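# Examining the three-dimensional arrangement
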Amino acid sequence: MLLHIGAPKAGSSAIQKFCLGNREELAGAGFYYPEHSLDPNGVSGGHVRLGVALLQGAVEEARDLVSEWLDEASRRNLCLLLSGESFFGKPELLRELFSDLKVRVVAYFRSPVEAVISNYCQVIKRHNAISTLEEYVEQQLGTQLHGVSGEIFRRWISCFGSDNLTVFPYSKKAFLGRKIELDFLRLIGVPEDIFPSFRLEERRINSSYVGSALEMKRLLNYVLPKEHHDLAHKIDWALQKYSDDSLSEEGCGFTLSESQFDALLDKFRGTNSYMKESVLEFCPEGFFESRCGISVQSESSYSNPLEALVSVASYVLGHEEFSARLRPLVAAEVSRVNYSSYSLYKLADLLGVPFSVPKIGAGSLTRRQVSICISDDSGKADILRELALFSERIGRIDDARQFIDVARRLRPAGKGIAKIHDRVFSICDQYSVN
């Protein structure tokens, strides 16, 4: 068996789309690649059914699935080839599942600084985060990131042995023919003389959003309710298509301070040495210093960010369903008395939603909040609730979390406090995505 485990945000969707479209060609090269689904943009989780079964503890379901695939591979006298980023954090479970099999593990590894930036794009795209890049990086600097740093490969080596693990660098400059699909064929041992028989995808698959689309999604995350998964998915697909078609916007379009960039380099310096010396098959020059389209204390990669945002906003509003559903959500949010956010007003302006310009500064309590805090009728829970709202508004999410957590304990039946508690803790969860 050959197991492709990712890593996350390292070209897996392109590899899976390629393998799915070349199943017969792979069979001719000696591999059986089971079918799986794709979304409207050609993106999938590969053989995610297996990863989900393991995550849910459904071991028998996982065994049955693998047995079904193995039987078909054996019937055709082929090597079973599975691909899924959902495998990446489960070496021990997979070793137990494949205890009687000879397994070779292959992976791509992305420069940790690139991976942090790419993960930021992912939490905006798929996890409804609202943090800025600077806020996200600051949080990541204080977090252990074993997957991003490569430390997790120690576990894979422990489970499967170093001789059964092959890791290539995720770098377009290092890809064979500058194509990850061809490089993957090389990684799994397909002879180069049969490469021409494989069909290559012309368009990009699951590429990062362009900068304007990512900023639009970050703004929309302020109003996309969790219960409206269908709307979030449709917007994701639309912004992905917009990005894939926007050839003039390259890179992520964000600026990072020199100090934060240097801090990221320092954070991963030790594990970078381990990856270079003990894990990677080869390491291109400058691989660990890649900036992933980030401008460091310079302008964004597109010359007019506002013009690009207006363009993507027009694209979103061009979908009748989006316009009809988003505008009322934005109007409801900006009308809230206790809430104020520059990003929210920016979104309202882009979508043409009328609002009254706030009369208070971002660093001030509202007059109502002051009245509540000094009133003899207010309990401690009331004051903590208002402090939590104020802290959330000015971006001090950890302070907001502490205030609202105590308020919830003091008044567990308070519906307003419960709603604020869930929202603030949801934001905290988004910051913790690795």
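Residues numbered from 1 in each chain as written. Predicted model: local features only at pLDDT ≥ 70, side-chain atom pairs only at ≥ 80, totals over all residues. Heavy atoms only, no water.

A word on a nonpolar patch on the surface. Taken together, the side chains of Leu365, Val370 and Ile374 make up a nonpolar region of the molecular surface, amounting to roughly 240 Å² of accessible area. Assignment of secondary structure puts Val370 in helix H18 (residues 367-374). (Patch = residues over 30% accessible without salt bridge, like charges linked within 9 Å, V, L, I, M, F, W, Y side chains within 5 Å. Areas by Shrake-Rupley, 256 points an atom, 1.4 Å probe, with all protein chains shown as cover. Salt bridge = Lys/Arg side-chain N within 4 Å of Asp/Glu carboxyl O. Helix = DSSP H or I, 4+ residues; strand = E, 2+ residues; numbered from the N terminus.)

Before going further, it helps to examine the pairing of strand S3 (residues 79-83). With 4 of 5 residues buried, S3 lies mostly within the body of the structure. Across 3 bridges, the pairing between strand S1 (residues 2-4) and S3 is parallel. If you follow Leu2 over to S3, its bridge partner there is Leu81. Across 2 bridges, the pairing between strand S2 (residues 31-32) and S3 is parallel. Bridge pairing links Tyr32 to Leu80 in S3. (Buried < 20%, exposed > 50% of the residue type's maximum accessible area, 1.4 Å probe, protein only. Pairing = 2+ DSSP bridges.)

This next bit is on the packing of helix H3 (residues 48-55) against helix H4 (residues 59-75). H4 packs onto H3 with a crossing angle of 155° between their chain directions and a minimal axis gap of 8 Å. Judged by the inter-axis angle, H3 sits roughly antiparallel to H4. Both H3 and H4 take part in a crossing whose hand is left-handed. Contact with H3, carried on its side by Arg49, Leu50, Ala53 and Leu54, involves Glu61, Ala62, Leu65, Val66 and Trp69 of H4 and no other residues of that element. (Axes fitted to C-alpha atoms, helices over the stretch in contact; angles between N-to-C directions. Parallel < 35°, antiparallel > 145°, perpendicular 65-115°, else oblique. Left-handed = near helix turned anticlockwise from the far one by under 90°. Contact = heavy atoms within 4.5 Å.)

All right, on to the packing of helix H11 (residues 211-220) against helix H12 (residues 229-245) then. At a closest axis distance of 9 Å, the pairing of H11 and H12 adopts a crossing angle of 165°. One element, H11, and the other, H12, form an angle in the roughly antiparallel class. In the packing of H11 onto H12, the handedness of the crossing is right-handed. Contacts from Ser212, Ala213, Lys217 and Leu220 in H11 reach Ile235, Leu239, Tyr242 and Ser243 in H12.

Another aspect to go through is the environment of Pro91. Topologically, Pro91 is positioned in helix H5 (residues 91-97). C-alpha of Pro91 to C-alpha of Arg155: the two residues are 64 residues apart in sequence and 6.6 Å apart in space. Apart from the residues lying within four places of it in its own chain, the contact partners of Pro91 are Arg155, Trp156, Cys159 and Phe160.

Turning our eyes to something else, we now look at the sheet that holds S3. Overall, parallel pairing links the 5 strands, which are arranged S2-S3-S1-S4-S5 in an open sheet. Single-partner strands in this sheet number two, and they are S2 and strand S5 (165-169). Of the strand pairs in this sheet, strand S4 (residues 104-109) and S5 are connected by 5 bridges, and their pairing is parallel. Across the sheet, the residue bridging to Ala107 is Val167, located in S5. In the packing of H4 onto the sheet, the strands contacted are S2 and S3, and the crossing angle to S3 comes to about 140°.

It is worth spelling out the pattern of salt bridges at this point. Under the counting rule described, the total for this entry stands at 19 salt bridges. A salt bridge links Arg325 to Asp230, with the shortest nitrogen-to-oxygen separation between them at 3.0 Å. Pair noted here: Arg325 is in helix H16 (residues 320-334) and Asp230 is in helix H12, with a separation of 95 residues, a long-range link. Judged by relative accessible area, Asp230 falls into the partly exposed class, the value being 36%. Across the pair Glu321 and Lys234 runs a salt bridge, and its minimum N-O distance is 3.1 Å. In this pair, Glu321 is assigned in helix H16 and Lys234 in helix H12, connecting sequence segments 87 residues apart. Overall, Glu321 belongs to the partly exposed group, its relative accessible area being 32%.

Scanning the entire structure with this criterion turns up 12 aromatic pairs. Measuring from centroid to centroid gives 6.1 Å for Phe109 and Phe153, while their planes differ by 75°, and the two rings are edge-to-face. Highlighted residues: Phe109 in strand S4 and Phe153 in helix H9 (residues 152-160), separated in sequence by 44 residues. Exposure class is identical for Phe109 and Phe153. Each is buried. Ring centres 5.4 Å apart and planes at 65° place the aromatic pair Phe168 and Phe282 in the edge-to-face group. One end of the pair, Phe168, is in strand S5; the other, Phe282, is in the loop between helix H14 (269-279) and strand S7 (295-296), and 114 residues separate them in sequence. Owing to a relative accessible area of 9%, Phe168 belongs among the buried residues under this scheme. The structure contains a cluster of three or more aromatic residues connected by ring pairs, namely Phe88, Phe109, Phe153, Phe287 and Phe288. Arg154 extends its terminal NZ or CZ atom over the ring of Tyr274, reaching a point 3.7 Å from the ring centre. (Phe/Tyr/Trp six-rings, centres within 6.5 Å; stacked < 30°, edge-to-face > 60°. Lys NZ or Arg CZ within 6 Å of the ring centre and 35° of its normal.)

What follows concerns the pairing of S4. Of all 6 residues in S4, 5 are buried, a share of seventy percent or more. Where S1 meets S4, 3 bridges bridge the pair, whose relative direction is parallel. Along S4, the bridge assignment pairs Leu2 with Arg104.

In this structure, Val116, Met216, Leu220, Ile235, Leu326, Val330 and Leu347 are the most contacted members of the largest nonpolar core, which totals 63 residues. Leu347 has contacts with Met216, Leu219, Leu220, Val223 and Val330, leaving out every residue within four places of it along the chain. Counting residues in each nonpolar core, the second largest holds 39 residues, with Met1, Leu78, Leu94 and Cys159 among its members. (Core = buried A, V, L, I, M, F, W, Y, C linked by side-chain atoms within 4.5 Å.)

A few words on the side chain of Asp236. One can find Asp236 in helix H12. In contact with Asp236, not counting residues within four places along its chain, are Lys125, Arg126 and Tyr209.

Turning our eyes to something else, we now look at unusual backbone geometry. Put simply, Gly6 and Ala7 share a cis peptide bond, and its omega is 0°. As for its placement among the helices and strands, Ala7 is situated in the loop between S1 and helix H1 (12-21). Phi is positive for Lys9, close to 60°, though the residue is something other than glycine. At Asn77, a position not held by glycine, the phi torsion is positive, near 55°. Note that Asn77 resides in the loop between H4 and S3. Looking at Asn77, the relative accessible area reads 69%, which means it is exposed.

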